[in-house]
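Tertiary structure, described
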Amino acid sequence: MPIDPVKQAEELAQIFFGLSNATDDFRLHNFNALSAARQQQLKEQAQALDTRGQQCTADALGAILQGIQPHLADIKQATKDAQDALAHLNDVVKGLAIVDAAVALVGSIMAGDMGSIADNVRGLFEAISPTEKS
Amino acid sequence: MRFITRNRTRKQAALATVLVLVLALLLSCNAPDSVAKFCSSAVVTLKAGDALFDDMKASCIREAQTREPLGAFPVSDPNSAACDDIGKQAEGLEAASKLVSKYFGALNDLASFGTSKAGDGAKDQAAKASAQAKLSAARQQALESVAGFLARAAMSGYQQKRLTDDIVKVHEDIKIVLDGLGEAAGVVYLHQLQDEEQKTATRYKEFLLEHQGNADVILVLDSRWQSDRASFAAKQKAALSYRAALDTLAKGNEELAAHARSFKASELSGLLSPYAAQLESLAPAIQKAFF
C-alpha cells in the first residue's frame with residue numbers, strides 16, 4: 001500500500017496535539033500537588049509537543065500543496081484558452097468578416113446559387129475560427 | 001422559363017428551411033447560461049475560502065499566544081518557525097484556490113458572452129447591403145434577419161466548442177485541486193482550530209486554578225469562554241462548509257464535463273442548478289465566521 005504523506009503528517013499532528021493536551025490535563029488535574037518547577041517542566045513539555053504538532057500541520061499542508069502543484073499548469077492553460085476565446089469573440093464582433101460572410105451566405109441562399117452556398121458556409125465558419133498561427 | 005424559376009424557388013425554400021432548422025437547433029442549445037451561473041457560484045465559493053487560508057497562520061499564532069499566562073500583555077506575537085511554515089504553505093494553497101477561481105471566472109466570462117451582439121452587427125450590415133441592392137422591403141427584412149441569425153449561430157457554435165474543450169480538458173485537474181483544498185481546510189485547519197480551542201480552555205482553567213474561589217474571575221472567564229466558543233464553532237462550521245462546497249463544486253464540474261459534449265440547455269440547466277443552489281447556500285456559512 002503506497003504511503004500517503006498527507007495522511008501521515010495529519011496523523012502525526014493529531015498524535016502530538018493529543019499528547020500535548022494530555023500533558024496539560026495531567027498538570028491541571030494535579031495542579032495543587034505538583035511543585036512550581038514540575039509545573040513549569042510539564043508546561044514546557046506540552047508546548048514542545050504542541051510545536052511538533054504545528055510542524056506536522058505545516059508538513060501536511062505542504063504535502064497537499066505538492067500533490068496539487070502538477071495540475072495547476074493545466075488549469076492555468078485552460079484559463080488562458082478561455083480568455084483567448086473570449087478575446088477572439090470580441091474581436092469578431094468588432095470586425096466585419098463574420099457579417100460579410102453571413103450576408104454573402106444569405107445572398108447565395110436567396111439567389112438559389114447552389115454552387116456558392118458551400119463556399120459561403122465555409123466562409124462563415126472561417127470568419128469565426130481564429131487563423132492558425134505558424 | 002417559368003419551370004426554371006419555380007424550381008429555383010423550391011430549391012431556395014428547401015435550402016433555407018434546412019439551414020434554418022439546423023441553426024435553430026444550434027441556437028436552442030443556450031447552455032452557456034447554466035454554465036455561467038454555475039461558474040459564478042464557484043467563484044464566490046472559492047473566494048469565501050480565502051479567509052480560511054489566511055486564518056491558518058493566525059490560528060497557529062493565537063494558539064502559541066495561549067502559552068503566555070493571562071495578564072502577561074505581550075506587545076508582539078510569538079515568533080514561531082512552525083507558524084511561519086504553516087503561513088507559507090497556506091499562501092501557496094490560497095494561490096492555487098485563486099487560480100481555480102480565475103479558471104471558473106474565465107469560463108463564466110466566456111459563457112456569458114452575448115452572441116446576440118454579432119447578430120445585431122450582421123443585421124445592420126445586411127440592412128446596408130440590401131438597401132444598396134435595392135431589394136424589396138420583404139426581402140430586405142428577410143436578409144437582415146437571416147444574416148443576423150447566421151452570424152449569431154456561428155459565434156454561438158464557436159463559443160460552445162471552446163467552452164466544452166476547456167471543461168473536458170481539465171476536469172480531472174480541477175477535481176484533484178479541489179479535493180486538496182478541501183482536505184487542507186476541512187481536515188488540517190479543522191484540527192488546528194480544535195487544538196487552539198483546547199489550548200484556550202487550558203489557559204482559562206489554569207488561570208482559574210491560580211485564582212481559586214474568586215467568583216468575579218469565574219464569571220468574567222466564563223463569559224469570555226462563551227464568546228470564544230461561539231467563534232471557534234463558527235470557524236469550524238466554516239471549514240466544514242467550505243469542504244462540503246468544494247465537494248459539491250467538484251461533483252458539479254464532473255457532471256458538466258460528462259455532459260459538455262451534448263450541451264442541451266434544458267438538461268444541463270436541470271443538472272447544474274442544484275449544484276449552483278447548494279454552493280450559494282453554503283457560502284454564507286463560510287463568510288459568516290470571519291466578518
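Reading the values: the criteria
Residues numbered from 1 in each chain as written. Chains lettered and ligands numbered in written order. Predicted model: local features only at pLDDT ≥ 70, side-chain atom pairs only at ≥ 80, totals over all residues. Helix = DSSP H or I, 4+ residues; strand = E, 2+ residues; numbered from the N terminus. Buried ≥ 20, exposed ≤ 12 C-beta atoms within 10 Å, placed from the backbone. Contact = placed C-beta atoms within 7 Å. Rg over C-alpha atoms; globule rule 2.2 N^0.38 Å. Nonpolar A, V, L, I, M, F, W, Y, C, P; charged D, E, K, R; others polar. Axes fitted to C-alpha atoms, helices over the stretch in contact; angles between N-to-C directions. Parallel < 35°, antiparallel > 145°, perpendicular 65-115°, else oblique. pLDDT = per-residue confidence, 0-100. Core = buried A, V, L, I, M, F, W, Y, C linked by C-beta atoms within 7 Å. Left-handed = near helix turned anticlockwise from the far one by under 90°.

**Brief notes about the overall build of chain B**
For chain B, the helix and strand inventory stands at eight helices and zero strands. If you list the helices and strands of chain B from N to C, you get α-α-α-α-α-α-α-α. The buried share of chain B, reckoned over its 291 residues, is 43%. For chain B, the proportion of contacts with a sequence separation of at least 24, taken over those separated by at least 6, is 85%.

**Describing the overall build of chain A**
Each helix and strand counted, chain A has four helices and zero strands in total. When the helices and strands of chain A are placed in sequence order, the string is α-α-α-α. Radius of gyration (C-alpha) of chain A: 34 Å, far over the 14 Å computed for a compact globule of 134 residues. By principal-axis analysis of the C-alpha atoms, chain A measures approximately 105 × 35 × 25 Å. Counting over 134 residues, chain A shows a buried share of 37%.

**What to know about the interface of chain B and chain A**
With 64 residues of chain B in contact, the opposing surface of chain A contributes 54 residues. Looking at the side of chain B that touches chain A, the elements with two or more residues in it are helix 1 (2-28), helix 4 (81-112), helix 5 (116-132) and helix 6 (137-210) of chain B. Considering every element that reaches the side of chain B that touches chain A, the biggest residue donor is helix 6 of chain B, with 31 residues. When grouped by side-chain class, the residues that make up the side of chain B that touches chain A number 37 nonpolar, eleven polar and 16 charged.

**Quick look at the packing of helix 3 (residues 50-65) of chain B against helix 4 of chain B**
Residues and elements named next belong to chain B. Remark: helix 3 packs on helix 4, axes separated minimally by 8 Å, with the N-to-C direction vectors making an angle of 175°. The angle between the axes of helix 3 and helix 4 places the two elements in the roughly antiparallel class. Residues Asp-50, Phe-53, Met-56, Lys-57, Cys-60, Ile-61 and Ala-64 of helix 3 lie in contact with helix 4, whose contacting residues are Ala-82, Cys-83, Ile-86, Gly-87, Ala-90, Leu-93, Glu-94 and Ser-97. Split by residue class, the contact of helix 3 with helix 4 holds ten nonpolar, two polar and three charged.

**Comments concerning the confidence of the model for chain B**
Residue and element names in this part refer to chain B. The predicted model of chain B has a mean per-residue pLDDT of 83, with 78% of residues at 70 or higher. Helix 1 is the least confidently modelled element of chain B, averaging 55 in pLDDT, while helix 3 averages 95, the highest of any element. The ipTM for the predicted assembly is 0.81, set against a pTM of 0.81.

**Re the nonpolar core**
In this structure, Leu61(A), Ile98(A), Ala102(A), Leu107(B) and Leu150(B) are the most contacted members of the largest nonpolar core, which totals 97 residues. The element best represented in this core is helix 6 of chain B, accounting for 22 residues. What Leu61(A) contacts, discounting residues up to four positions off in sequence, is Ile86(B), Gln89(B), Ala90(B), Leu93(B), Ala184(B) and Val188(B).

**Things to note about the environment of Leu282(B)**
Residues and elements named next belong to chain B. In this structure, Leu-282 sits in helix 8 (residues 265-288). What makes Leu-282 buried here is the crowd of 25 C-beta atoms within 10 Å. Remark: the alpha-carbon pair of Leu-282 and Leu-240, spanning 42 residues in sequence, is separated by 9.8 Å.

**Things to note about the environment of Leu42(A)**
Residues and elements named next belong to chain A. Looking at the secondary structure, you find Leu-42 in helix 2 (residues 36-94). When the 17 C-beta atoms within 10 Å are taken as the criterion, Leu-42 is described as partly exposed. Taking the C-alpha atoms as reference points, Leu-42 and Asn-30, twelve residues apart in sequence, are found 11 Å from one another. Ignoring sequence-local partners within four residues, the contact set of Leu-42 consists of Thr-23, Phe-26 and Arg-27.

**A look at the packing of helix 2 (residues 32-48) of chain B against helix 4 of chain B**
Residue and element names in this part refer to chain B. Where helix 2 meets helix 4, the closest approach of the two axes is 8 Å, and the angle between their N-to-C directions is 155°. Of the possible angle classes, the one that applies to helix 2 and helix 4 is roughly antiparallel. Judged by the sense of rotation from one axis to the other, the crossing of helix 2 with helix 4 is left-handed. Listed contacts from helix 4 to Pro-32, Val-35, Ala-36, Cys-39, Ser-40, Ala-42, Val-43, Leu-46 and Lys-47 of helix 2 are Ser-97, Val-100, Ser-101, Phe-104, Gly-105, Leu-107, Asn-108, Ala-111 and Ser-112.

**A closer look at the confidence of the model for chain A**
In the predicted model, chain A carries a mean pLDDT of 86, and the fraction of residues at 70 or more is 92%. Helix 1 (residues 5-29) of chain A holds the highest mean pLDDT among the elements of chain A, 96, whereas helix 3 (residues 97-111) of chain A holds the lowest, 73.

**So, the environment of Tyr204(B)**
Residue and element names in this part refer to chain B. The residue Tyr-204 is located in helix 6 in this model. In the structure, Tyr-204 is positioned 17 residues away from Leu-221 in sequence and 6.8 Å away in space, judged by C-alpha atoms. Leave out the neighbours within four places in its chain, and Tyr-204 touches Leu-221 and Trp-225.

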